[in-house]
Amino acid sequence: VKDEEITMFSVCAGVGSAQMAIERGGLPVKTIGICETDPDCVEIFKEAFPEIPVYGDMRFVITAMEQGDLVLRPTILELTVPCQARSIVRVLADWSDTVHPSARLWDLQVKMVQLCSPDYVVIENVPPFRNEKKGIDTLEQFEKLEREICKLGYHVESGILRASLFGDATQRQR
């Protein structure tokens, strides 16, 4: 992107860690809005970044875009859909044999990319895994997402990064 304002829209933005990274890194990126439904996260985000619009639930944003009531054309679309339904830790949870509500958001990522038509798409989530004993295969979900994004004309590069590579004290993988 040359000589144009770089904009970002963040889906499932949480408390705004991506926005914090942009600011700390001094990157010339203007966040034009976020989707977030967790009331505690929204409160923290609004306190830290009062100038950035919070659009709430991504499903409502998709509907508004489909109906022509909202137009979003960010340079970068960041998708960080909750990982509870995909995390390896879920096999330890009491609800591990049920469908977590955030699981339904996974497939909506492609719809957001279609509607926003960004120049770049950044997807952050837990690494895919297989647990044949529990019948969980998030690798298949991830590979389907990659295929669908490729069908939209995007070049996909994926990999696993550890937080410790960026100065964090943990080995958390994404």
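From a predicted model like this one, the values you see are computed outputs, not experimental measurements.

Asker: Please clarify how the overall build of the protein chain should be interpreted in this entry.
Answerer: A tally of regular secondary structure across the protein chain gives five helices and six strands. Ordered by position from N to C terminus, the α and β elements of the protein chain give β-α-β-α-α-β-α-β-β-β-α. Look at the contacts in the protein chain between residues 6 or more apart in sequence, and 61% of them connect residues 24 or more apart. Carbon and sulfur atoms form 52% of the exposed surface of the protein chain, whose accessible area is close to 10,800 Å².

Asker: Help me understand the nonpolar core, please; the structure alone is not making it clear to me.
Answerer: Here is a general trend for soluble globular proteins: nonpolar side chains tend to be buried in one another's company. Membership of the largest hydrophobic core comes to 24 residues, with the highest contact counts inside it found for Phe9, Val11, Val61, Met65, Leu72, Leu77 and Met112. For this core, the secondary structure elements donating two or more residues are β1 (6–11), α3 (58–66), β3 (76–79), α4 (108–116) and α5 (138–151). Setting aside chain neighbours within four positions, we find Phe9 in contact with Ile32, Gly33, Ile34, Cys35, Tyr55, Leu72, Pro74, Ile76, Leu77, Glu78 and Met112. Judged by nonpolar contacts, the second largest core, of six residues, contains Met8, Ala18, Ile22 and Ile76.

Asker: Would you explain unusual backbone geometry in this entry?
Answerer: Backbone phi values are negative for most residues with the exception of glycine, while trans is the configuration of most peptide bonds. Positive phi, normally seen in glycine, also occurs at Cys12, with a value near 60°. In this structure, Cys12 sits in the loop between β1 and α1 (17–25). Judged by relative accessible area, which is 16%, Cys12 ranks as buried. Phi at Ser117 takes a positive value of approximately 45°, unusual for a residue other than glycine. Mapped onto the elements, Ser117 comes out in the loop between α4 and β4 (120–123).

Asker: I keep staring at the sheet that holds β3 and nothing clicks. Help me out?
Answerer: Two modes of strand pairing occur in sheets, parallel and antiparallel, and in both the strands are linked by backbone hydrogen bonds. Strand order in this open sheet of four strands is β2-β1-β3-β4, and the pairing throughout is parallel. If you trace the sheet from one side to the other, it starts and ends with β2 (29–35) and β4, each paired once. Within this sheet the neighbouring strands show an average axis-to-axis angle of 20°, counted without direction. As paired elements, β3 and β4 share four bridges and run parallel to each other. Each bridged residue has a counterpart across the sheet, and for Leu77 the counterpart in β4 is Val121.

Asker: Can you walk me through α1 in this structure?
Answerer: Within an α-helix, residues lying three or four positions from one another point in the same direction, as the helix has 3.6 residues per turn. Restricting attention to buried positions, one finds in α1 the residues Ala18, Gln19 and Ile22. Across the axial projection of α1, the buried residues extend over an arc of 100°, all falling on one side. Exposed and oriented more than 90 degrees from the buried face of α1 are Ser17 and Arg24. For α1, the elements touching its buried residues are β1, β2 and β3.

Asker: For this particular structure, what's the right way to read the packing of aromatic side chains?
Answerer: Think of a pair of aromatic rings as described by two things: how far the centres are apart, and how the planes are tilted against each other in angle. What the rule picks out here adds up to two aromatic pairs. A centroid spacing of 5.7 Å and a plane angle of 55° characterise the contact between Phe9 and Tyr55, whose relative ring orientation is tilted. Of this pair, Phe9 sits in strand β1 while Tyr55 sits in the loop between α2 (39–48) and α3, and the two are 46 residues apart along the sequence. The exposure class of Tyr55 is partly exposed, given its relative accessible area of 32%.

Asker: What is the right way to read the pairing of β2 from this model?
Answerer: Regular strands show a simple pattern: their side chains alternate between the two faces of the sheet. Within β2, five of the seven residues are buried, which leaves it mostly tucked inside the rest of the structure. Relative to β2, β1 is paired through six bridges, and the arrangement is parallel. In the strand pairing of β2, Ser10 is matched with Ile34.

Cut-offs applied
- Residues numbered from 1 in each chain as written.
- Predicted model: local features only at pLDDT ≥ 70, side-chain atom pairs only at ≥ 80, totals over all residues.
- Heavy atoms only, no water.
- Helix = DSSP H or I, 4+ residues; strand = E, 2+ residues; numbered from the N terminus.
- Contact = heavy atoms within 4.5 Å.
- Areas by Shrake-Rupley, 256 points an atom, 1.4 Å probe, with all protein chains shown as cover.
- Core = buried A, V, L, I, M, F, W, Y, C linked by side-chain atoms within 4.5 Å.
- Buried < 20%, exposed > 50% of the residue type's maximum accessible area, 1.4 Å probe, protein only.
- Pairing = 2+ DSSP bridges.
- Axes fitted to C-alpha atoms, helices over the stretch in contact; angles between N-to-C directions.
- Arc of directions from axis to C-beta.
- Phe/Tyr/Trp six-rings, centres within 6.5 Å; stacked < 30°, edge-to-face > 60°.

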